[in-house]
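These are the residues of each chain, in order.
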Amino acid sequence: MALPKIADAIALTDEELAAEIIAVKRTLFDLRLRQATRRLEKTHEFKHNRHKLAQLMTVEHQRKTAKV
């Protein structure tokens, strides 16, 4: 699985962006839970999801500051 591209995040609408941020945060929570119970096999998913969350939050912040 390759790292997500910023163009994918930019193409989302504001509502889709907010929903995707919530989904990625939930996924990270589930990954932490699986890691704590020793059921996590693909540890690289942490990096990919944190990277995706950072991109989504960056795009959200850029849109909020552009509207001001």
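Residues numbered from 1 in each chain as written. Predicted model: local features only at pLDDT ≥ 70, side-chain atom pairs only at ≥ 80, totals over all residues. Heavy atoms only, no water.

The name an unreviewed UniProt entry assigns to the chain is Large ribosomal subunit protein uL29, from the organism Chamaesiphon polymorphus CCALA 037. Heading Sequence similarities (unreviewed entry) of the UniProt record for the chain holds this comment: "Belongs to the universal ribosomal protein uL29 family." (UniProt positions renumbered as here; feature names shortened; annotations may be inferred.)

**Here we look at the overall build of the chain**
Broken down by element type, the chain carries three helices and zero strands. Reading the chain from its N end, one meets helices and strands in the order α-α-α. Each of the three principal axes of the chain carries a C-alpha extent, and together these read 45 × 20 × 15 Å. Per-residue burial for the chain yields a buried fraction of 25% across its 68 residues. Counting contacts in the chain only where the partners sit at least 6 residues apart, residues at least 24 apart contribute 71% of the total. Of the roughly 5,200 Å² of accessible surface on the chain, a fraction of 57% belongs to carbon and sulfur atoms. (Helix = DSSP H or I, 4+ residues; strand = E, 2+ residues; numbered from the N terminus. Buried < 20%, exposed > 50% of the residue type's maximum accessible area, 1.4 Å probe, protein only. Contact = heavy atoms within 4.5 Å. Areas by Shrake-Rupley, 256 points an atom, 1.4 Å probe, with all protein chains shown as cover.)

**Things to note about helix α2 (residues 14–36)**
For α2, spanning 23 residues, the distance from its first C-alpha to its last is 33 Å, which sits close to the expected 33 Å at 1.5 Å a residue. Those residues of α2 that sit buried are L17, I21, V24, L28 and L31. Elements that come into contact with the buried residues of α2 comprise α1 (6–10) and α3 (44–67). Just beyond α2, the residue with positive phi is R38, at close to 60°. (Expected span 1.5 Å × (residues − 1).)

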